[in-house]
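Reading the structure
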Amino acid sequence: MEGNLNGFIAPEILKKKIPFVLVTDENDAEFILSGASIKADDKWYNTIFGGKDKNEGNVQLISVRDKQMVWAGEAGDRSLWWGGMRRGGQRKVADRIAKQLKKDLFP
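Residues numbered from 1 in each chain as written. Predicted model: local features only at pLDDT ≥ 70, side-chain atom pairs only at ≥ 80, totals over all residues. Heavy atoms only, no water.

1. As for the pattern of salt bridges
Once the charged atoms of two side chains with opposite charge are near each other, the side chains can pair. Following the criterion strictly, the structure yields three salt bridges and no others. Note that Lys 16 and Glu 12 form a salt bridge whose closest N and O atoms lie 4.0 Å from each other. The two residues Lys 16 and Glu 12 agree in class, both being buried. Between Asp 95 and Lys 16 there is a salt bridge whose closest N-O contact spans 2.6 Å. In this pair, Asp 95 is assigned in helix 3 (residues 89-105) and Lys 16 in the loop between helix 1 (6-15) and strand 1 (31-39), connecting sequence segments 79 residues apart. An identical accessibility class is assigned to Asp 95 and Lys 16; each is buried. Here the salt bridges share partners, and the residues they tie into one network are Glu 12, Lys 15, Lys 16 and Asp 95. (Salt bridge = Lys/Arg side-chain N within 4 Å of Asp/Glu carboxyl O. Buried < 20%, exposed > 50% of the residue type's maximum accessible area, 1.4 Å probe, protein only. Helix = DSSP H or I, 4+ residues; strand = E, 2+ residues; numbered from the N terminus.)

Right under this line is the structure:
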């Protein structure tokens, strides 16, 4: 994944107990999770005035067998609550994507 999001999304999938078996070889996979993480500009006024996300990420779950997208999700790291400021960056993006994945595919 671009931006090294895979190092953050794999632990979040395990923490959320999503019923996936993670493999490192694409030949053994039934689905491939691909995506990217983008770091935005780090301007002081975005932080002070609650502007745009500093980090954003998106992923797509693709079926290997028929090459179709099964699911897609995206998230940012900005929180509207002050308590959410303790954890940000790619970890927060990965956490939100994993939460959305679990909610959409395993209700």
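2. So, unusual backbone geometry
The phi torsion at Lys 17 lies on the positive side, around 55 degrees, for a residue other than glycine. Among the secondary structure elements, Lys 17 is positioned in the loop between helix 1 and strand 1. Here the phi dihedral of Lys 67 falls at roughly 60 degrees; this positive angle occurs in a residue that is not glycine. Here Lys 67 shows up in the loop between strand 2 (55-63) and strand 3 (69-76). Overall, Lys 67 belongs to the exposed group, its relative accessible area being 63%.

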